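Listed here are the chains, written in short residue letters.
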Amino acid sequence: MSYDLIVIGTGPGGYVCAIRAAQLGLKTAVVEKRATHGGTCLNVGCIPSKALLHASEAFEEANKHFSELGIDVGTPKLDLKKMQSFKQSGVDGNTKGVEFLLKKNKVDTYHGRGRIAGAGRVEVISDDGGNQLLETKNIVIATGSDVTRLPGVEIDEKTVVSSTGALELAEVPKRLVVIGAGVIGLELGSVWRRLGAEVTVIEYLDRVLPGMDGEVGKQFQRILAKQGMVFKLSTKVTGVETGKKGRATVTVEPAQGGEPEKLEADVVLVAIGRVPYTEGLGLETVGVATDDKGRIEVDSHYATNVTGIYAIGDVIAGPMLAHKAEDEGVAVAEILAGQSGHVNYGVIPNVVYTFPEVASVGKTEEELKKDGIAYNVGKFPFTANGRAKANGTTDGFVKILADAQTDRVLGVHIVGADAGNLIAEVAVAMEFAASAEDIARTCHAHPTLTEAIKEAALAVDKRAIHV
Ligand code: FAD
Ligand code: NAI
């Protein structure tokens, strides 16, 4: 078979790219080695984690907060097996949806490992070892990422787990030790804490969520600690030993060196980042260049150093986020069809789906200081927002950073209920190069949490009404 485009990998980057290419009239095929489409995100990432976050939040609400609303349901009982099947039905619904969309758009699908066999040639190696050779004008590599391993710590996905194992636990661990206070550690740590685990998070750096605004990180850590999560910052793990009865001993010491300490755990979650995945892809056959972190190097049109081979998503540089991969998928398909696809990397929202949520877009205060850009800050706490007060969800704030000269919004950071949805408004505003004044003059419905955004925009000019 001969194609205009073959996409290797059907995660959010790959399947979206294939659909857009087919819409634009390119004869397109995808190759996927997993049994279902949707990649890490739909199968073992975004979707199952959000299903468990949703279900565990409902459990905690019923357990701790319903009585405050005057609802007496007694003590709720956890049926973890049922909760896991709720999660799986969300995953199945989404992966089947992608299968349907690929079919609807007449994208040919091949199951097996894709290997670049030479310029314009992709070999599909099926599970039983059989192979098929496909020809194509262009190849888009969208093979995603894999878990970063901690040297000397073996992940068995039972006692020492990655995010994949942490989504599949059959029992609530009594003690869960999480290595890494990044987004996976805090999201999945929240899930198991809500369901009854004692959770201790070990972080090498002196803060949680590095990369996010520092003030946000500090307040967020305080909120999670209030919920019962224990943090050991500036701490390094020097070893994990698994013993009888499936338990583990984690040895830690201060990051700068000092007295070691031993922590007992029923489950240890290793969540120290992800690395690009290119195993068995045959990059060497044609000499596709990668950088020192193993990421495929591309130019601003997603082209690698080899003519006709492109790459997108987690396998290239940039934030490892599903929506970033999707937007790159659309952009590269449009470029291949002769259009001018483009992604604005300055406006990619980043959300942590805990309770409360954390959402961020644009520059942090630390980045603005480093770049020497003068800025004004407008902050508004949810304690002063009518709807948050009525709902009893007053933790957190909205912070808007605006250029001191032009008032253009440079970054927005939110800790609070529904922050992941709230951030969309400011992302649109930033795409249109809005000033804080533009947001402040936009009528926001009352009573909504979005009024906190308007008030933060007013606060940039020191004229917030409700504080
Ligand atoms: P992937 O989704 O990794 O897809 C790559 C696909 O390529 C896979 O299906 C793989 O099987 C296939 N593949 C690899 N090699 C080959 C080969 N040689 N031949 C054929 N097929 C191959 N991001 C968010 O934006 N929001 C979230 O809430 C979120 N939650 C997450 C939660 C967890 C627990 C994890 C682990 C990640 C989460 N992410 C989230 C990150 C998100 O999953 C990734 O950024 C996204 O999946 C990247 O998309 P991709 O298309 O580049 O790669
Ligand atoms: P991460 O990069 O978010 O966090 C890893 C954390 O581990 C960092 O705080 C880092 O300082 C720490 N760390 C690194 N080495 C360590 C060590 N040896 N000991 C102790 N701490 C150590 O990575 P994470 O949480 O694994 O997530 C991977 C990727 O998946 C993220 O980059 C994110 O983009 C994506 N993701 C996105 C989600 C979302 O958008 N809501 C949800 C889950 C994952």
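Remember, it's a predicted structure, so these values are computed and weren't measured experimentally.

For the rest of this paragraph, the subject is the state of the cysteines. Summed over all chains, the structure comprises one disulfide. Each disulfide pairs two cysteine sulfurs, and for C41 the partner residue is C46, the sulfurs being separated by 2.2 Å. In this structure the cystine formed by C41 and C46 twists about its S-S bond by roughly -125°; its chirality is therefore left-handed. For C41, a relative accessible area of 10% translates into the label buried. With no disulfide of its own, C17 has C41 as its nearest cysteine by sulfur position, at a separation of 16 Å. Classification of C17 as buried rests on a relative accessible area of 0%.

Moving on, we come to the site of ligand 2. Neighbouring residues of ligand 2: 22 residues in total, closest E187, E203, G273, M320 and V351. Contact distances for ligand 2 include 2.7 Å between a nitrogen atom and a backbone N or O atom of V351. Relative to its unbound accessible surface of 840 Å², ligand 2 loses 76% to contact with the protein. Considering every element that reaches the shell around ligand 2, the biggest residue donor is helix α6 (residues 183–194), with three residues. Across the shell around ligand 2, the residue classes break down as 15 nonpolar, three polar and four charged.

Here we take up helix α1 (residues 12–23). Residues that lie three or four places apart on an α-helix share one face, since the helix turns once every 3.6 residues. The terminal C-alpha atoms of α1 lie 16 Å apart, and with twelve residues this matches the ideal 16 Å at 1.5 Å per residue to within 8%. Within α1, ten of the twelve residues are buried, leaving the element largely enclosed by the surrounding structure. Turning to α1, its buried residues number three or more, namely P12, G13, G14, Y15, V16, C17, A18, I19, A21 and A22. The elements touched by buried residues of α1 are β1 (2–8), β2 (28–32), α2 (39–44), α4 (80–104), β6 (131–141) and α9 (322–336). Looking at the residues trailing α1, positive phi occurs at G25, about 95°.

A few words now on unusual backbone geometry. Going from F355 to P356, the amide bond is cis rather than trans, its omega being -5°. Relative to the helices and strands, P356 resides in the loop between β18 (350–352) and β19 (357–362). Here H446 and P447 are connected by a cis peptide whose omega angle stands at -5°. Along the chain, the position of P447 falls in the loop between α13 (436–440) and α14 (451–460). Its identity is not glycine, yet L209 carries a phi of approximately 45°, on the positive side. When you line up the elements, L209 lands in the loop between β10 (198–202) and α7 (214–226).

Attention now moves to the sheet that holds strand β11 (residues 230–232). Whether parallel or antiparallel, the strands of a sheet pair through hydrogen bonds between backbone atoms. Pairing is parallel across the open sheet formed by five strands, whose spatial order is β8-β15-β9-β10-β11. Single-partner strands in this sheet number two, and they are β8 (160–161) and β11. Sheet analysis places strand β9 (residues 175–179) next to β10, joined by five bridges and oriented parallel. Within β10, the position partnered with I179 by the bridge is I202.

Taken in spatial order, the three strands make up an open sheet running β12-β13-β14, and their pairing is antiparallel. Of all strands in the sheet, those with a lone pairing partner are β12 (235–242) and β14 (261–265), marking the two edges. Across the sheet, the axes of successive neighbouring strands diverge by a mean angle of 25°, strand direction being ignored. Both β12 and strand β13 (residues 248–254) contribute to a ladder of seven bridges, which runs antiparallel. Bridge pairing in β13 places G239 opposite T251.

Looking at ligand 1, there are 39 residues lining it, with E32, T40, K50, G114 and A322 nearest. One nitrogen or oxygen atom from the side chain of T40 is found 2.6 Å from an oxygen atom belonging to ligand 1. In isolation ligand 1 has 1000 Å² of accessible area, and contact with the protein removes 95% of it. Elements represented by at least two residues in the shell around ligand 1 include exactly α1, β2, α2, α3 (46–65), β4 (113–118) and α9.

In this section: the pattern of salt bridges. All told, the structure shown has 25 salt bridges when counted by the stated rule. Among the ionic pairs, E437 bridges to R441, the shortest N-O distance being 2.6 Å. Residue R441 is classed as exposed on the basis of its relative accessible area of 66%. The shortest N-O distance in the salt bridge between D461 and R463 comes to 2.8 Å. On the basis of relative accessible area, D461 is assigned to the partly exposed category, the value being 47%. Since its relative accessible area comes to 31%, R463 is described here as partly exposed.

This part is about the UniProt feature "binding site: NAD(+)" (unreviewed entry) in the protein. As recorded in UniProt, the feature "binding site: NAD(+)" (unreviewed entry) lies at G180, A181, G182, V183, I184, G185, L186, E187, E203 and G273. Judged by its relative accessible area of 8%, G180 is buried. Setting aside residues no more than four positions away along its own chain, G180 makes contact with G185, V201, I202, E203, A271 and I272. The class for L186 is buried, based on a relative accessible area of 0%. Those residues in contact with L186 that lie beyond four places of it in its chain are A181, V201, V208, L209, F220, L224, M229, F231 and T354.

Moving on, we come to the pairing of β2. In summary, the side chains of a regular strand alternate between the two faces of the sheet. Across the five residues that make up β2, a large majority, five, are buried. Side chains of β2 alternate between two faces, with T28, V30 and E32 and A29 and V31 buried alike. Bridge count between β1 and β2: four bridges; the pairing is parallel. The residue bridging I8 from the neighbouring strand is V31, located in β2. The handedness of the β1 to β2 crossover, carried by α1, is right-handed.

Cut-offs used in this document
- Along each chain, residue indices are assigned from 1 in the same order as the chain's sequence is written.
- Here chains are named by letter from A upward and ligands by number from 1 upward, in the order in which they appear as written.
- Where totals are concerned, whole chains, interfaces and linings use all residues; where local detail is concerned, this predicted model gives features only for residues with pLDDT of at least 70, and gives and counts side-chain atom pairs only at 80 or more.
- Calculation of side-chain values draws on the structure's entire complement of heavy atoms; hydrogens and water are dropped beforehand.
- Throughout, disulfides are identified as pairs of cysteine sulfur atoms within 2.5 Å of each other.
- Note on exposure labels: buried denotes an accessible area under 20% of the residue type's maximum, exposed denotes more than 50%, and partly exposed covers the range between, all computed with a 1.4 Å probe on protein chains only.
- We call a residue near a molecule or strand as soon as one heavy atom of that residue lies within 4 Å of the molecule or strand.
- Distance and chemistry together define a polar contact, namely a pair of N or O atoms within 3.5 Å, with one atom able to donate a hydrogen and the other to accept it when in protein, and with adjacent residues in sequence counting only for side-chain atoms on both sides.
- Surface accessibility in these figures is a Shrake-Rupley result with a 1.4 Å probe; residues are shielded only by whichever protein chains are displayed.
- A run of H or I in DSSP counts as a helix once it spans at least four residues, and a run of E counts as a strand once it spans at least two, with each numbered from the N terminus.
- Amino acids are sorted into nonpolar (Ala, Val, Leu, Ile, Met, Phe, Trp, Tyr, Cys and Pro), charged (Asp, Glu, Lys and Arg) and polar (every other residue, Gly among them).
- For a helix, the expected span equals 1.5 Å multiplied by the number of residues minus one.
- Here a residue-residue contact requires only that any non-hydrogen atoms of the pair lie within 4.5 Å.
- The criterion for strand pairing is that DSSP finds at least two bridges linking the strands in question.
- Here an angle of 0 to 180 degrees is reported between the N-to-C directions of two axes, which are lines fitted to C-alpha atoms, with helices fitted over the stretch in contact.
- By salt bridge we mean one thing: a side-chain nitrogen of Lys or Arg within 4 Å of a carboxyl oxygen of Asp or Glu.
- UniProt positions are given in the numbering used here, feature names are shortened, and annotations may be inferred rather than shown by experiment.
- A clockwise path from the first strand over the helix to the second, with the strands pointing away from the viewer, defines a right-handed crossover.

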